[in-house]
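# Results of the structural survey
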Amino acid sequence: MNIPHIKGNLLYELYLFASNPIAFLNSQFEKNGDIFQANIPTKRIICSRDPKWLEHIFVKKQKDYDKDFTMRNIEFILGKGLLTNTGDTWLKQRRLIQTAFYKGRLESLSEIMENVIDLQIEKIQKINHGQKIFIDKEMLELTATVALETIFGEKMSPELHEVQEKMAELQEYIVKQIKFPLYYSWTRLTGEHQKAKEKLRQINHTLYQIINKRKEHPDNQSFNLVSLLTQAIDAETGEKMSDQELIDELKTFYFAGHETTAFGLSWAIYELVQHPHIIQKIKEEVDSVLVNGKIGIEGLKKLKYTSAVVHESLRLHSPAYIISRECLKEDEIQGVKINKGDTIIISLLHLHRHPKLWDNPLQFNPNRFLQLENNSIQNWYPFGAGPRICIGKHFAMMEMTLAIAKIMSKINFKLYPQQKIEAEALITLKPKNGILLIKQSSS
Ligand code: HEM
């Protein structure tokens, strides 16, 4: 089977992709159907929104596909953490971390998460009625604090604030390199690369100090990734992680978990403020589980409607909007020959909005997820699929469900009317100009 090539001038089309990936993908899927390809000078790139392609590449034949060239850029910041690592060393790390990160153990985190959420709510409640608030900024602050307390086991400090800022700057640097490959050589001429390396050195140094502190004063009581991983031992080899491996995993968890969850929450709130009847249902559900003002882990398990709201928001506004792989061995998918070296991009955003897979796909309707148990959800992949599925999936679902439940039942917002809400596709799907809300008096 032949798949259509993108039409028009290739250079111009690549420029369109780099400047606005979502608009580019919208128009190409519209013109070409579910699959299309482009031959750029060094390789063939295939884009698909077909769940059968996703299942083939990420589950059935996952051994024949590996992380692609974009990960090499990200590796500059994250080193060989779970997200960028491959092969046997990835498997060893995944096994080790999976034991620390299983669902039951995560449940002990809900208390820390809820306390952080309550503090953020108290802060927002102090804002006067009628004042404007960028909800994406609040959510970034919230998920960063949750990450610091649960992953690093630390409260915010000037050093960690600096780590946060430098990570954000490095991320911008990497995004430019992925979008404009020539920028890579340019940064070496301008000295920007050296500056980026220095920022990285400072981040690594701060994380090294945290790890050392935890090694000198091991803490078996509290759950945080640093404590768990400094003590974790590989069942097969009996080895512990080296300091560099630990540093890379901490950066990876912060990087992979904080923005995805913050933007996931921001898009959910954006939808909710436009659907007051859904907020009403959340309020009723939350009221039915609160004990002394807290939801707690038992209450969280009962929040079926709020969980459906989170599922629906991750469908319509998937923060990890594309996932991709490079083919390692010649293959065939639905009659299409795939060559070694081809890159295949699956647009989760477009798969989740596919009119053949979802009724009325652009409508925000949590009811689609109400009758379903987790393992029977079809065509829903915001966390990827297969052995490399997001290791933070349960963590993120817990955090998002708790945050939506608490925030929406305690604070009333209205959408600020004169603004253009647009998604910007960087590494995650970001609200381009932010999402501006107007605070209303509390309920
Ligand atoms: C709404 C929030 C989140 C979304 C949408 C999301 C999405 C994803 C996706 C799609 C992947 C697979 C990438 C691929 O196959 O190429 C992934 C991997 C990963 N995620 Fe998440 N994620 C979220 C939250 C988190 C959180 C909270 C953490 C950590 C606490 C986390 C840590 C990771 C890690 C370490 C990987 C790499 C796993 C591996 O390759 O073994 N993520 N995530």
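Before any of the text, the structure's been laid out above.
Attention in this report is confined to the structure presented alongside it. (Residues numbered from 1 in each chain as written. Predicted model: local features only at pLDDT ≥ 70, side-chain atom pairs only at ≥ 80, totals over all residues. Heavy atoms only, no water.)

### Digging into the site of the ligand
The test is simple: Any residue with a heavy atom positioned within 4 Å of a molecule or strand is treated as near that molecule or strand. Elements are defined by DSSP. Helices are runs of H or I of four residues or more, strands are runs of E of two residues or more, and each kind is numbered from the N terminus.
Near the ligand lie 27 residues; those nearest to it are Trp90, Arg94, Arg325, Arg388 and Cys390. Among the secondary structure elements, those contributing two or more residues to the shell around the ligand are α5 (87–100), α13 (243–272), β5 (322–327) and α18 (393–410). When residues of the shell around the ligand are assigned to their parent elements, the largest contribution, 6 residues, is made by α13.

### Digging into the coordination of the iron atom of the ligand
What counts here: Donors, by definition, are the N, O and S atoms found within 2.8 Å of a metal, the threshold being 3.2 Å for Na, K and Ca, and water is not counted, so a site can look incomplete.
You will see that the iron atom of the ligand has only one donor from the protein, Cys390 (SG), lying 2.3 Å away. Looking at the secondary structure, you find cysteine 390 in the loop between α17 (348–351) and α18.

### Looking at the sheet that holds β5
Put simply, the rule reads: Two strands are counted as paired when DSSP detects at least two bridges linking them.
An order of β1-β2-β8-β5-β3 is seen for the 5 strands of this open sheet, with the pairing classed as mixed. At either margin of the open sheet sits one strand with a lone partner, and together these are β1 (35–40) and β3 (65–66). In terms of strand pairing, β1 meets strand β2 (residues 43–48) through 6 bridges, oriented antiparallel. Residue pairing across strands places asparagine 39 opposite arginine 44, the latter belonging to β2.

### Here's the deal with the packing of helix α7 (residues 110–125) against helix α8 (residues 135–152)
Packed helices, taken two at a time, are described by the angle between their axes plus the distance between the axes. Keep this limit in mind: Only C-alpha atoms enter the line fits that serve as axes; for helices the fit covers just the stretch in contact. Angles between N-to-C directions range over 0 to 180 degrees. By the definition adopted for this analysis, an angle is roughly parallel if under 35 degrees, roughly antiparallel if over 145, roughly perpendicular if from 65 to 115, and oblique otherwise. When the near helix sits turned anticlockwise from the far one by under a right angle, the crossing is termed left-handed; a clockwise turn instead gives a right-handed crossing. Residue contacts are defined here by distance: any two heavy atoms, one from each residue, within 4.5 Å place the two residues in contact. Note on residue categories: nonpolar means Ala, Val, Leu, Ile, Met, Phe, Trp, Tyr, Cys or Pro, charged means Asp, Glu, Lys or Arg, and polar means any other residue, Gly included.
Close contact between α7 and α8 brings their axes to 10 Å; oriented N to C, the two are set at 150°. Between α7 and α8, the interaxial angle falls into the category roughly antiparallel. Handedness of the crossing formed by α7 with α8: right-handed. Where α7 abuts α8, its residues Ile112, Met113, Val116, Ile117, Gln120, Lys123 and Ile124 lie against Glu138, Glu141, Leu142, Thr145, Val146, Glu149 and Thr150. Split into classes, the residues belonging to the contact of α7 with α8 amount to 7 nonpolar, 3 polar and 4 charged.

### Quick look at the pairing of strand β8 (residues 343–347)
To keep it simple, the criterion reads: Relative accessible area decides the class of each residue, using a 1.4 Å probe on protein chains only: under 20% of the type maximum gives buried, over 50% gives exposed, and in between gives partly exposed.
Across the 5 residues that make up β8, a large majority, 5, are buried. Side chains of β8 alternate between two faces, with Thr343, Ile345 and Ser347 and Ile344 and Ile346 buried alike. As paired strands, β2 and β8 are joined by 4 bridges and run parallel to one another. Bridging from a neighbouring strand, isoleucine 45 pairs with threonine 343 of β8. As paired strands, β5 and β8 are joined by 5 bridges and run antiparallel to one another.

### Concerning the pattern of salt bridges
Let me state the cut-off plainly: Just to be clear on terms, a salt bridge is a Lys or Arg side-chain nitrogen sitting within 4 Å of an Asp or Glu carboxyl oxygen.
Applying the stated criterion across every chain, the model contains 26 salt bridges. A salt bridge links aspartate 342 to arginine 44, with the nearest nitrogen and oxygen atoms 2.8 Å apart. Here aspartate 342, found in the loop between β7 (336–338) and β8, pairs with arginine 44, found in strand β2; they are 298 residues apart in sequence, far enough to count as distant. Across the pair, arginine 44 and aspartate 342 agree in class, each one buried. With a shortest N-O distance of 3.5 Å, glutamate 298 and lysine 301 are connected by a salt bridge. Here lysine 301 and glutamate 298 lie together in helix α15 (residues 296–302), a separation of 3 residues that amounts to about one turn. One connected set of salt bridges, linked through shared partners, spans Glu114, Asp118, Lys294 and Lys406.

### Considerations on the sheet that holds strand β9 (residues 413–415)
Strands belonging to one sheet form pairs held by backbone hydrogen bonds; the direction of such a pair is parallel or antiparallel. If you trace the 3 strands from one edge of the open sheet to the other, you get β4-β12-β9, paired in antiparallel fashion. Taken across any chain shown, the strands that pair with only one partner, and hence form the sheet edges, are β4 (132–134) and β9. Taking the axes of each pair of neighbouring strands and ignoring which way they run, one obtains an average angle of 40° across the sheet. Bridge count between β4 and strand β12 (residues 436–439): 3 bridges; the pairing is antiparallel. What sits directly across from phenylalanine 134, in β12, is leucine 436. Together, β4, β9 and β12 form the strand contacts of α8, whose direction differs from that of β4 by roughly 50°.

### What to know about the side chain of lysine 283
In plain terms, the rule: Polar contacts, as counted here, are pairs of nitrogen or oxygen atoms within 3.5 Å of one another; within protein the pair requires one atom able to donate a hydrogen and one able to accept it, and residues that are adjacent in sequence qualify only if both atoms are side-chain atoms.
Structurally, lysine 283 is set in helix α14 (residues 276–289). Within the structure, the side chain of lysine 283 is placed 3.2 Å from the side chain of asparagine 412, a separation counted as a polar contact.

### Some details on unusual backbone geometry
Unlike most non-glycine residues, asparagine 292 shows phi in positive territory, near 50°. With respect to the secondary-structure elements, asparagine 292 resides in the loop between α14 and α15. At asparagine 360, a position not held by glycine, the phi torsion is positive, near 45°. Positionally, asparagine 360 belongs in the loop between α17 and α18.

### A short note on the side chain of glutamine 177
Relative to the elements of secondary structure, glutamine 177 occurs in helix α9 (residues 158–179). Beyond its immediate stretch of four places on either side in the chain, glutamine 177 contacts Asn73, Tyr183, Tyr184, Thr187 and Arg188.

### Notes on the packing of aromatic side chains
Quick reminder of the rule: Aromatic rings from Phe, Tyr and Trp, taking only the six-membered ring of Trp, are treated as a pair when their centres fall within 6.5 Å; an angle between ring planes under 30 degrees marks them as stacked, one over 60 as edge-to-face, and anything in between as tilted.
Summed over the entire model, instances satisfying the criterion amount to 10 aromatic pairs. Ring geometry for phenylalanine 24 against phenylalanine 36: centres 6.4 Å apart, planes inclined by 70°, an arrangement best described as edge-to-face. Placement of the pair is phenylalanine 24 in helix α2 (residues 21–32) and phenylalanine 36 in strand β1, with a sequence separation of 12 residues. Across the pair, exposure class does not vary: phenylalanine 24 and phenylalanine 36 are buried alike.

### Let's talk about helix α16 (residues 304–316)
Here is the rule we go by: What a helix is expected to span follows from its residue count: subtract one and scale by 1.5 Å.
Helix length check: α16 (13 residues) gives 19 Å between terminal C-alpha atoms against 18 Å at 1.5 Å per residue, within 8%. By the criterion of burial, α16 is predominantly enclosed, with 12 of the 13 residues buried. For α16, the set of buried residues is Tyr305, Thr306, Ser307, Ala308, Val309, Val310, His311, Glu312, Ser313, Leu314, Arg315 and Leu316.

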